[in-house]
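Listed here are the chains, written in short residue letters.
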Amino acid sequence: MESYYYLRLIYFFLFFGVVFLLFQWWMHDKKKKRLAAIDSMPFKEEHRKLLSKIPHYHNLPDNDKRKIERSIKRFIHTKHFVGVKMEVTEEMKVLIAFYACLLLLHIDTENCYDNLKTIILYPTPVVLDSVRNNGGIYTKEDFVIDGQSANDTVVLVWHDAKYEAYHLRHDNVIVHEFAHEIDYMDGEVDGVPPLERSKYDEWTRVLFKDYQKLNEVALKEREWGKYKLLGSYAATNEAEFFAVVTERFFESPQSLKRHFPELYEELKSFYRIDTAALLNGKA
């Protein structure tokens, strides 16, 4: 009788295991068909005109332009864009999708940021409340954000994002927040994105060496030297350091390469793109 009970239990788990596997297969097949349908759509000429104003897109080889256009279509049609006190436009979707997908252009993924569901857009910087605990004394403070990333949601301020999308400078809030999304792809936001095991030691050696040195300089608030390029916000923690150096890698790569050659090479190896050559028109 006891053996009959265990046999039924085994059949029960086998049945639900098969049901689960069939459901997973069905979901994967449904996703593949949806992506194939998106891929079959022509890329809108109005979207291409917007992209032509961006130096990164303008200098991409033709095959990379076709590749990123496909990624942009997938991104736009699989993410939910929400405007807070503003209407979401095609320009917003295209520019955000472009920079998000540029980071993954040469990294193998089925769909850009598969776990990302929502992009929330504000017209101007957002003021948030924060409660801080200092030795048992709680204080309420306001702080201003231009962007934020939390696993399946990215928050962006369009006023800054739009200007930075069209004008090369050190900062790009879209690049910054999506660098956080990449950082989280291995389950932790720690400044170490998903890496091949063989590259982990060199990555941590190079990035954390410069992070620690920046931290020392930021604490003194003087003798910044080359670390002025990275700025004090990059010293907040390892995750912010990775996001900031990713901004510099895509926005001011020549300066990053000149002042931090090892750091530049690590980022080039990870993102598999030579941004200094790209922006010089030599990609």
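The shown structure was predicted, so the numbers you read here are calculated from the model rather than taken from an experiment.

About the criteria used
- Residues numbered from 1 in each chain as written.
- Predicted model: local features only at pLDDT ≥ 70, side-chain atom pairs only at ≥ 80, totals over all residues.
- Heavy atoms only, no water.
- 1 Å grid on protein atoms, 1.4 Å probe; cavity = no way out; pocket = protein on both sides within 12 Å on 5 of 7 lines; lining within 4 Å.
- Points joined across faces, edges and corners; volume = space filled by probe spheres on them.
- Helix = DSSP H or I, 4+ residues; strand = E, 2+ residues; numbered from the N terminus.
- Nonpolar A, V, L, I, M, F, W, Y, C, P; charged D, E, K, R; others polar.
- Phe/Tyr/Trp six-rings, centres within 6.5 Å; stacked < 30°, edge-to-face > 60°.
- Buried < 20%, exposed > 50% of the residue type's maximum accessible area, 1.4 Å probe, protein only.
- Lys NZ or Arg CZ within 6 Å of the ring centre and 35° of its normal.
- Core = buried A, V, L, I, M, F, W, Y, C linked by side-chain atoms within 4.5 Å.
- Contact = heavy atoms within 4.5 Å.
- Pairing = 2+ DSSP bridges.
- Expected span 1.5 Å × (residues − 1).
- Axes fitted to C-alpha atoms, helices over the stretch in contact; angles between N-to-C directions.

Participant: Can you walk me through the layout of surface pockets in this structure?
Facilitator: Considered as a void within the structure, the largest pocket measures approximately 640 Å³ in volume. For the lining of the largest pocket, the elements supplying multiple residues, two or more each, are strand 4 (137-145), strand 5 (147-150), helix 6 (158-166), helix 7 (173-183) and helix 9 (238-251). When grouped by side-chain class, the residues that make up the lining of the largest pocket number eleven nonpolar, ten polar and nine charged.

Participant: Looking at this model, I keep getting lost on the packing of aromatic side chains. Mind explaining?
Facilitator: By convention here, two paired aromatic rings are described through the distance between centres and the angle between planes. One pass over the structure, following the stated rule, counts 15 aromatic pairs. Measuring from centroid to centroid gives 5.9 Å for Phe75 and Phe178, while their planes differ by 65°, and the two rings are edge-to-face. Of this pair, Phe75 sits in helix 4 (residues 62-78) while Phe178 is found in helix 7, placing the two residues 103 residues apart along the sequence. Owing to a relative accessible area of 0%, Phe75 belongs among the buried residues under this scheme. A relative accessible area of 0% places Phe178 in the buried class. Taken together, the ring pairs connect Trp203, Phe242, Phe249, Phe250, Tyr264, Phe270 and Tyr271 into an aromatic cluster. Across from the ring centre of Phe75, 5.7 Å away, lies the NZ or CZ of Lys79, which sits over that ring.

Participant: Is there a simple way to think about the nonpolar core in this case?
Facilitator: The nonpolar side chains of soluble globular proteins are, as a tendency, buried together. Phe75, Ile96, Phe98, Tyr113, Phe178 and Tyr271 are the most contacted members of the largest nonpolar core, which totals 72 residues. Other than its neighbours up to four places away in sequence, Tyr113 contacts Phe75, Lys79, Ala100, Cys101, Leu103, Leu104, Phe178, Glu181, Ile182 and Met185.

Participant: Can you help me understand the environment of Leu230 in this one?
Facilitator: Structurally, Leu230 is set in the loop between helix 8 (197-220) and helix 9. Taking the C-alpha atoms as reference, Leu230 lies 8.8 Å from Leu256; in sequence the two are 26 residues apart. With residues near it in sequence (within four places) discarded, Leu230 still touches Leu214, Phe241, Val244, Val245, Arg248, Leu256 and Phe260.

Participant: Looking at this structure, how should I read the pairing of strand 6 (residues 153-157)?
Facilitator: Moving residue by residue along a regular strand, the side chains alternate between the two faces of the sheet. Along strand 6, five of the five residues are buried, which leaves the element largely enclosed by surrounding structure. With burial as the criterion, each face of strand 6 is covered, one bearing Thr153, Val155 and Val157 and the other bearing Val154 and Leu156. Taking the residues that link successive antiparallel strands as the turn, the strand 5-strand 6 hairpin has two residues, and the phi of Asn151 there is positive, at about 60°.

Participant: Honestly, helix 8 in this entry has me stumped. Any pointers?
Facilitator: Residue pairs spaced three or four apart in an α-helix point in one direction, given the helix's 3.6 residues per turn. With 24 residues, helix 8 should cover 34 Å at 1.5 Å per step; its first-to-last C-alpha distance of 35 Å lies within 8% of that length. All of the buried residues in helix 8 are Trp203, Thr204, Val206, Leu207, Asp210, Tyr211, Leu214, Val217 and Ala218. Buried residues in helix 8 make contact with helix 9 and helix 11 (261-271). Glu221, located one to two residues past helix 8, shows a positive phi value of around 55°.

Participant: Explanation requested: the sheet that holds strand 1 (residues 80-83) in the structure shown.
Facilitator: Within a sheet, adjacent strands bond to each other through the backbone by hydrogen bonds, running parallel or antiparallel. Spatially, 1-2-6-5 is the arrangement adopted by the four strands of the open sheet, whose pairing is mixed. The strands lining the two open edges of the sheet, one partner per strand, are strand 1 and strand 5. Direction aside, neighbouring strands of the sheet carry axes that sit 15° apart on average. Of the pairings in the sheet, the one linking strand 5 to strand 6 comprises four bridges and is antiparallel in character. Paired with Ala150 across the bridge in strand 6 is Thr153. Sheet strands in contact with helix 5 (residues 90-103) are strand 1, strand 2 (118-122) and strand 6, and its direction is about 120° off that of strand 2.

Treat this as a map of the structure, not an account of what it does.
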